[in-house]
Amino acid sequence: MTGITLVTGAGTANAEPAPAIRWAACPDNPAGECGTLRVPLEWNRPTGRHIDLALARHTATDPARRLGVLLVDPGGPGGSAAQFALSGFFSPEIRARFDIVGVDSRGTGDSLAIHCADLMTGRPTTYPATETEFTALLRFNQRVLGQCRERTGPVFDHADSATVARDLDAARRALGERQISYLGLSYGTVFGQQYAEQFGDRVRAMVLDSVVDHSVDTKHFMGDRAAAVDDSFVEFARWCDRTTACPLHGQDVFQAWEAALVRADGQPSGRQDLIDDVYRALRDPDWPWVAQLIAAPAPVVAFEPNYESVRLATVCQDFSLRIRTFQEYSRLRAYELRRSPLMRGSLIGHDEPTACIGVPGPPANPPHRLDIRDAPTILVLNARHDPVTPYAWAVNLHRQAPRHTVLLTYEGWGHVAYPRSSCTRGGADTYLLTLTAPTGSCPAVEP
């Protein structure tokens, strides 16, 4: 179990080499090596408290042709990068040529994981219709934030993505690498963006798959995601129209959806649970399951185990999600509904800003235009019909740094593009192996 210690005389944060990592066989995966990395709790106070971060690596299976270290992160936030590094996600050639290393970011996995989901029992509606309901949500959130901070300890206030980027560079130094390659999925793309901004000259190659745009304000954080999930629902309806196996084939899918919502209003769980379940099914996408949910609703597995907890310490400090009044919320909710008349907004695009209601002060790592002037060419990868991280965000990131990014579009569906086809996987792998960035797009593959 990782913890916090007081260290003195550690020197400056970047000048001193990071302590050596003591590797041992992972207890639950003997094929991998596990260890801990000691870093300052606050990077601007390198002689103060230190914390231990968990990490794991899968060493290159062809060491004679080893290219270096590939740092990876599965996103969330809340996913364990250490477990991800040892997973079967990566192609055999990538596993042969790289040491694949995952560092559990602060508050996740075995790096002082934040577990506060039990404190959220009884949460008021996150769709307040009155001033009274908004105030109830605000006060509830403030209580949860205080209790979660007290339970978690000081790491709760030092888990933003800019800080995580400094942890990743400490890992690079501890591994003895002059440069690293990086592959981040979903929220892992925010960690990657921050690393490329702060340590661009230490990047050999970087793949950002399914981009979270760190430049957006609250309005676009909510509205762009709302529009993206409606786009994915339209794609599902088109699939039903052309696919006889769809349970709703031959019907007006949009009318069937509205009828399902009306039926759900008469159930104890209500329509929002149905909307949220369909959203989750669209991520894969599992279109037959979406059709089944509309025909006869059944629960869907929710998000990562500590996602709802760690987002309070990370997402709320990476974005200016500070909805202060019911009037401001009402304007944002109306904008969501204009962008998303079918799905009535995005689960994650609505839930994260409302979870941050009551967070005091400005974010530690506020959103801003991307500045990666010292970085090499970075590969940006995104599905055109991604309901979670809008394609528009990948386009916008490329526009912010056109000389330092290449956009590879997967013309299909779902969240996370790398494993979708031989084209997406091959394009990313070739780039990581040869530094030759792909051009154009990858055709869709029917789910």
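Everything numeric here is computed off the predicted structure, so don't read it as measured data.

**Re the overall build of the protein chain**
Scanning the protein chain from N- to C-terminus turns up 15 helices and eleven strands. Compactness check: the protein chain gives a C-alpha radius of gyration of 22 Å against a globular reference of 22 Å for 447 residues, within 12% of the reference. Seen along its three principal axes, the alpha-carbon backbone of the protein chain occupies a region of about 65 × 50 × 40 Å. Looking at the protein chain as a whole, 57% of its 447 residues are labelled buried. Sequence separation of 24 or more characterises 74% of the internal contacts of the protein chain that already satisfy a separation of 6 or more. Total accessible area on the protein chain stands at roughly 17800 Å², and carbon and sulfur atoms take up 51% of it. When the 44 positive and 51 negative side-chain charges of the protein chain are each reduced to one mean point, those points stand 4 Å apart.

**Re helix H7 (residues 253-265)**
If you check H7, its first and last C-alpha atoms are 19 Å apart, about what 13 residues at 1.5 Å a residue would give, namely 18 Å. Every buried residue of H7 is listed here: Val253, Ala256, Trp257, Ala260, Leu261 and Ala264. Considered in projection along H7, the buried side chains sweep an arc of 140° and stay on one side of the axis. Opposite the packed face of H7, turned more than 90 degrees from it, sit the exposed residues Gln255 and Val262. Against the buried residues of H7 lie helix H6 (218-242), helix H8 (270-283) and helix H9 (287-295). For H7, the capping residue at the N-terminal end is Asp252, with a side-chain oxygen 3.0 Å from the backbone nitrogen of Phe254.

**What about the pattern of salt bridges?**
Using the criterion set out here, one finds 27 salt bridges in the structure. When the shortest N-O distance is used, the salt bridge between Asp351 and Arg123 registers 3.9 Å. Of the two residues, Asp351 sits in helix H13 (residues 347-355) while Arg123 sits in the loop between strand E6 (98-103) and helix H3 (131-152), which places them 228 residues apart along the sequence. Among the residues examined, Asp351 registers a relative accessible area of 10% and is labelled buried. A salt bridge links Asp371 to Arg373; the shortest N-O distance between them is 2.8 Å. On the basis of relative accessibility, which here comes to 35%, the residue Asp371 falls in the partly exposed class. When salt bridges with common partners are traced through the structure, they connect Asp169, Arg172, Arg173, Asp201 and Arg202 into a single cluster.

**Observations regarding the environment of Val72**
Along the chain, Val72 turns up in strand E5 (residues 68-73). For Val72, a relative accessible area of 3% corresponds to the buried category. Residues Val72 and Gly184, spaced 112 residues apart in sequence, show a C-alpha to C-alpha distance of 5.6 Å. With residues near it in sequence (within four places) discarded, Val72 still touches Ala81, Phe84, Ala85, Phe90, Ile100, Val101, Gly102 and Leu183.

**A closer look at the state of the cysteines**
In this structure the tally under the stated criterion is five disulfides. Two residues, Cys116 and Cys148, share a disulfide whose sulfurs are 2.1 Å apart. Classification of the bridge connecting Cys116 and Cys148 rests on its S-S torsion, roughly 85°, and on that basis the disulfide is right-handed. With Cys116 in the loop between E6 and H3 and Cys148 in helix H3, this residue pair connects regions lying 32 residues apart in the sequence. Note on Cys116: relative accessible area 0%, which makes it buried. With its sulfur 1.8 Å from that of its partner, Cys240 forms a disulfide with Cys246. Considered together, Cys240 and Cys246 belong to a single accessibility category, that of buried residues. Going through the protein chain in sequence order and numbering each bonded cysteine, the pairs you get are 1-2, 3-4, 5-6, 7-8, 9-10.

**Quick notes on the side chain of Thr409**
Considering the arrangement of structural elements, one finds Thr409 in strand E10 (residues 405-413). On the basis of relative accessible area, Thr409 is assigned to the buried category, the value being 5%. Polar contacts involving the side chain of Thr409 include one to the side chain of Tyr391, which spans 2.7 Å. Dropping the residues within four chain positions of it, Thr409 is found in contact with Asn382, Arg384, Tyr391, Gly440, Ser441 and Cys442.

**Considerations on unusual backbone geometry**
Residue Gly76 is joined to Pro77 through a cis peptide bond whose omega torsion reads -5°. Mapped onto the fold, Pro77 is located in the loop between E5 and helix H1 (81-85). Residues Asp284 and Pro285 are joined by a peptide bond in cis, for which omega reads -5°. As for its placement among the helices and strands, Pro285 is situated in the loop between H8 and H9. For Leu112, which is not glycine, the phi torsion reads 50° and is therefore positive. Residue position: Leu112 is located in the loop between E6 and H3. Look at Leu112 and you get buried, because its relative accessible area is 14%.

**Some thoughts on the environment of Pro362**
By secondary structure assignment, the location of Pro362 is in the loop between H13 and strand E9 (378-385). Residue classification places Pro362 among the exposed residues on the basis of a relative accessible area of 69%. Taking the C-alpha atoms as reference points, Pro362 and Phe319, separated by 43 residues in sequence, lie 8.9 Å from one another. The residues contacting Pro362, other than those within four sequence positions of it, are Gln317 and Arg322.

About the cut-offs
Residues numbered from 1 in each chain as written. Predicted model: local features only at pLDDT ≥ 70, side-chain atom pairs only at ≥ 80, totals over all residues. Heavy atoms only, no water. Helix = DSSP H or I, 4+ residues; strand = E, 2+ residues; numbered from the N terminus. Rg over C-alpha atoms; globule rule 2.2 N^0.38 Å. Buried < 20%, exposed > 50% of the residue type's maximum accessible area, 1.4 Å probe, protein only. Contact = heavy atoms within 4.5 Å. Areas by Shrake-Rupley, 256 points an atom, 1.4 Å probe, with all protein chains shown as cover. Lys, Arg positive; Asp, Glu negative; His and termini not counted. Charge placed at Lys NZ, Arg CZ, Asp CG, Glu CD. Expected span 1.5 Å × (residues − 1). Arc of directions from axis to C-beta. Polar contact = N/O pair within 3.5 Å; in protein donor to acceptor, adjacent residues only side chain to side chain. Salt bridge = Lys/Arg side-chain N within 4 Å of Asp/Glu carboxyl O. Disulfide = S-S within 2.5 Å.

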